[in-house]
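# Coordinates in review
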Amino acid sequence: MQLLVNIVVLASIYSLIACGYVLIYRVSRVLNLAHGELMMLGAYLLLATASLFNATPALAIAAAILLSTTAGVLVYVLLMRRMTGETVLAAILTTVALGILVRGVVVLIWSPQQQYPAQALHVTNPTLAFGTAHISTWSVALVLANAAVYCGLFVFLRFGRWGMRMRAAGQNPLLAAQRGINLHGVYALAWALSTFTGSAAGMLMALDSGLTMSLPVIALKAFPAALVGGLDSLGGALLGASIVAAAEVMLIYYVDPLLSDVIPFLVLIAVLIVRPWGLFGTREELDRV
Amino acid sequence: MTLLRVDQIEVIYKRVITAVQGVTLSVREGQIVGLLGTNGAGKTTTLRAISGFLGIDDARVTEGTIAFQGSRLDNRAPHEIAARGVVLVPEREKVFPNLTVAENLFAPVARANARGQHELAFHFFPRLAELRSRTAGLLSGGERQMLAIAGALVCQPKLLLIDELSLGLAPAIVDDLMRQLLAIRSELGIAILLVEQSAAVALELADYAYVMENGRIVLDGDRKRLKDHQDVQEFYLGQARGERRSYRDVKQYRRSRRWYG
Amino acid sequence: MFRSPPRASGYFRTGYAQDLRLVQTKNEWCAVLSFTAIAVAVPFVASPFLLDLCCQIFLASIGALSLMLLTGYAGQISLGHAGLIAAGAFTAGILAREIHAPFWLTLPASAVTGIVLGLIFGLPSLRLRGLYLAISTLALHFVVIYLGGEYETKRGFSTGILIDPPSVLGWKLTGGRAWYFVLLVFAAGTLLACINLLRSRSGRAFRAIRARETVAEALGIGIARYKLLAFVISSAMTAVSGCLFAYYRGFVSIEAFDLFLSIQYVAMIIVGGMGSLLGALLGAAFVTVFPYAIETLLGFLPNAKTLAGDIFAVNYAAFGLVMILFLLLEPLGLVGIWRRIQNYFLLWPFRYRPLAGARK
């Protein structure tokens, strides 16, 4: 039973992070390898706002989310906007370089030691019982947040005006522009949503188990989840995250705890061999070089 | 009243390839203007120059001006140009393939209030109303062209740019489309700039036409003048006068064509 | 030299043999000889720090040249370079530790490891391109790192494997100067090997594959064969550089081979300039010298003391920033800057080359 609970929590973490990758890729065909570092930035911003608003945690969280979403939009406007039309390698490397820059800056501003935003906000993390299993409060919050985010995104992309426009821009950017859709606005929106979900994940994880410099590593492990499901499919990200999380938890428990860092990539390799475009991805993605 | 005025434009791809040079044309309100020419003449490039390039092709209008109702259009972003009322129906990739027909019509951004625009689209193309929930990528060629024009109508254009109306379509469907375009022009007063390889279709529809070759305009005139012009008849309408000739004669004649300018 | 640019002085080749020569004009001979003279003279006048720096640059160049071969010429994006270096280093370490193998055995063994890994890393390239290929190399990198980590913990070397200095025919290889010459020979050898490979049929096949794969296939170039060849040759060279790295440091530990190292190598070829061997060398020098330059620069700042403790983070941030600046502003890299300077002097007082010379 505890295994199942662990799988659900890990799958929620991975899928919340993975939808960030999927959002940006689906809309602008850019792979944002700085997602982990931006997530970390969001969590550290929570630390900063926590010291400002330590009386009202809700306000601190809201402020941090606002700040990090703004940071995501700024990343697009100042940097990625200028990389439209460049080669795949150049765009990926720009995000990688950005990630490195953000990581360096974060360590400089805050120290590399482990931090505890939960303490700064004076909130506790009691363990709840769920049948025979134990789960911490913030983990429950994470699972619920993940569900809420996915429902919201499904509805928005399917039925919302701008969601439709985002999908259109992802399929045919030139036609979208010719139909009056402001591509830069759509891309900025995608980056904002992606950073929003990413920092939400980062903050919840930090509140649950503390904040360290290794937060981006988790994002790197969530990336195979996005790929397994198909880089341009949200539903696929959910499914992919579940598969990767299940594999990881079970193999750690039954085989070898050291495997935890490499299992997502083994799953990734397996999927790349069998079905490179992921479970629900569109096949044409493969030939885009 | 002149809606669109293109004045001596030069379009260069990748900073070295001149696709269009010294092209001047104009479209008046409610007029249907045709742009004829063979492959590679620069017609699509001219239309793309008017409707705006997206950084992808590394193309720029390097000389000349494009003015729509007095304001400059050259080298602006495509969505700004669409917002002013100049909307393009492209030659390839003219619909959003993974969206349904209805979503294709909801996605574009209209100039003003979009209420009722979709009804207008279904009014001109009733077939689309039946296909509302079909994925656009699964439509037939004719239906796709209808959806493309309808998608452009939703943006409430004042000037419609159509690239290759009849390419790959059966003649019956082309007739249908032509009838609808004439209806659109008369009911909504929208001007149309039509690029066509099929001179017959173009000269059916257009009030006035330009002939392009190698990036320049070589001939222009109203419908009657062009239909009666011997060179247009020979090279575009396939109505050679006299008996059969050998290819060698034709080739020689080509060199002394009576193009103006 | 090997792309034969038009020469301002009107030097014309009159035969195929002349065409194939590596060094052609008298000026080129002068350049090569003077450069060799400087390279040979340096260790006798330089400080130990400078010697160490040069050795690091040589080591980095081998890796950079092989990555340039794979990504810059054959067009196969590889983000797993650190994994290959780790594989070479670990082969040397494991063999030296477990069976006390001598240097002349571990070096070829590393090359063999590189070849095998090259085949494995190269297999995805038969099915995937671009982004997906990069991701698959990334995944394989993590697998290699994991295996190295497993070995370390399972065999009790959690702090790393110590290696004795290599000895060839009874002569021990220690000391900055000796290492300098050995590494210089290796780096020069790698450079020559790359130049020759690129002049050959395989080199042309690589370039064709990078430019337009479908067309290359239609022309009868065996895509699978040449892609695998590119991976295998590149990985073998990289593994050898890893082996040399292990012996040079005398110490192998898995923490040294993280993702950042892979990114540094990719940065070397991007900053240097894609598609040019000179670019690989310039990039290797740039990225190797970079941390030291940052450290010196920090010394000039007023509040140096407070930042000195975070030198690693400053390095990170500066590296990311410089990489972004290069990607945004100078996509052709250092070689692009060099060619622009060259052109300025060649073409003066004109400013532009006639249209035919759209050089990269």
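This structure is a prediction, so every number in the text was calculated from the model and none was measured.

Here the focus is the overall build of chain B. For chain B, the count of helices and strands is 11 helices and 10 strands. Relative to its full complement of 261 residues, chain B shows a buried share of 41%. Sequence-distant contacts, at least 24 apart, represent 72% of the contacts inside chain B between residues at least 6 apart.

With that out of the way, let us pick up helix α12 (residues 277-300) of chain C. Residues and elements named next belong to chain C. If you check α12, its first and last C-alpha atoms are 34 Å apart, about what 24 residues at 1.5 Å a residue would give, namely 34 Å. Approximately 40° is the largest bend angle found in α12, and it occurs at Phe290, with the proline Pro291 only one to four residues beyond. Of the residues making up α12, those classed as buried are Leu277, Gly279, Ala280, Leu281, Leu282, Gly283, Ala284, Ala285, Phe286, Val287 and Thr288. On its buried side, α12 packs onto α3 (48-73), α7 (176-199), α11 (259-272) and α15 (333-347).

Residues and elements named next belong to chain B. One open sheet accounts for 4 strands, arranged β2-β1-β4-β5; its pairing is antiparallel. Looking along the sheet, the strands with just one partner apiece sit at the ends: β2 (17-28) and β5 (71-72). Two elements, strand β1 (residues 2-13) and strand β4 (residues 59-68), share 8 bridges in a ladder whose sense is antiparallel. Residue pairing in the sheet places Ile12 in a bridge with Arg60 of β4. On top of the sheet, helix α1 (residues 43-51) reaches β1, β2 and β4; it is set at about 70° to β2, its chief contact.

Right, let's get into the interface of chain A and chain C. Between chain A and chain C, the residue contacts involve 31 residues of the former and 33 residues of the latter. Of all the elements in the fold, those that place two or more residues in the side of chain A that touches chain C are α4 (88-109) and α12 (263-274) of chain A. Examining the composition of the side of chain A that touches chain C, we find that 16 residues originate from one element, α4(A), more than from any other.

It is worth spelling out the pairing of strand β3 (residues 32-36) of chain B at this point. Residues and elements named next belong to chain B. For β3, the buried fraction is high: 5 of the 5 residues fall into the buried class. As paired elements, β3 and strand β8 (residues 191-196) share 5 bridges and run parallel to each other. By the bridge assignment, Ile32 is partnered in β8 with Ile192. Of the strand pairs in this sheet, β3 and strand β9 (residues 208-213) are connected by 4 bridges, and their pairing is parallel.

Now for the nonpolar core. Ranked by internal contacts, the top residues of the largest apolar core, which has 285 residues, are A:Tyr14, A:Ala18, B:Leu161 and B:Leu194. With residues near it in sequence (within four places) discarded, A:Tyr14 still touches A:Ala222, A:Ala225, A:Ala241, A:Val244 and A:Ala245.

Turning to the sheet that holds strand β7 (residues 159-163) of chain B, a few remarks are in order. All names here are of chain B. The mixed open sheet is built from 6 strands, whose spatial order is β6-β7-β8-β3-β9-β10. Looking along the sheet, the strands with just one partner apiece sit at the ends: β6 (86-89) and β10 (216-222). Recorded for the sheet is a direction-independent mean angle of 15° between the axes of neighbouring strands. With 5 bridges connecting them, β7 and β8 associate as parallel partners. Counted as the bridge partner of Leu161 is Leu193 from β8.

Criteria and cut-off values
- Residues numbered from 1 in each chain as written.
- Chains lettered and ligands numbered in written order.
- Predicted model: local features only at pLDDT ≥ 70, side-chain atom pairs only at ≥ 80, totals over all residues.
- Helix = DSSP H or I, 4+ residues; strand = E, 2+ residues; numbered from the N terminus.
- Buried ≥ 20, exposed ≤ 12 C-beta atoms within 10 Å, placed from the backbone.
- Contact = placed C-beta atoms within 7 Å.
- Expected span 1.5 Å × (residues − 1).
- Bend = angle between axes of the 7 residues up to and from the residue.
- Pairing = 2+ DSSP bridges.
- Axes fitted to C-alpha atoms, helices over the stretch in contact; angles between N-to-C directions.
- Core = buried A, V, L, I, M, F, W, Y, C linked by C-beta atoms within 7 Å.

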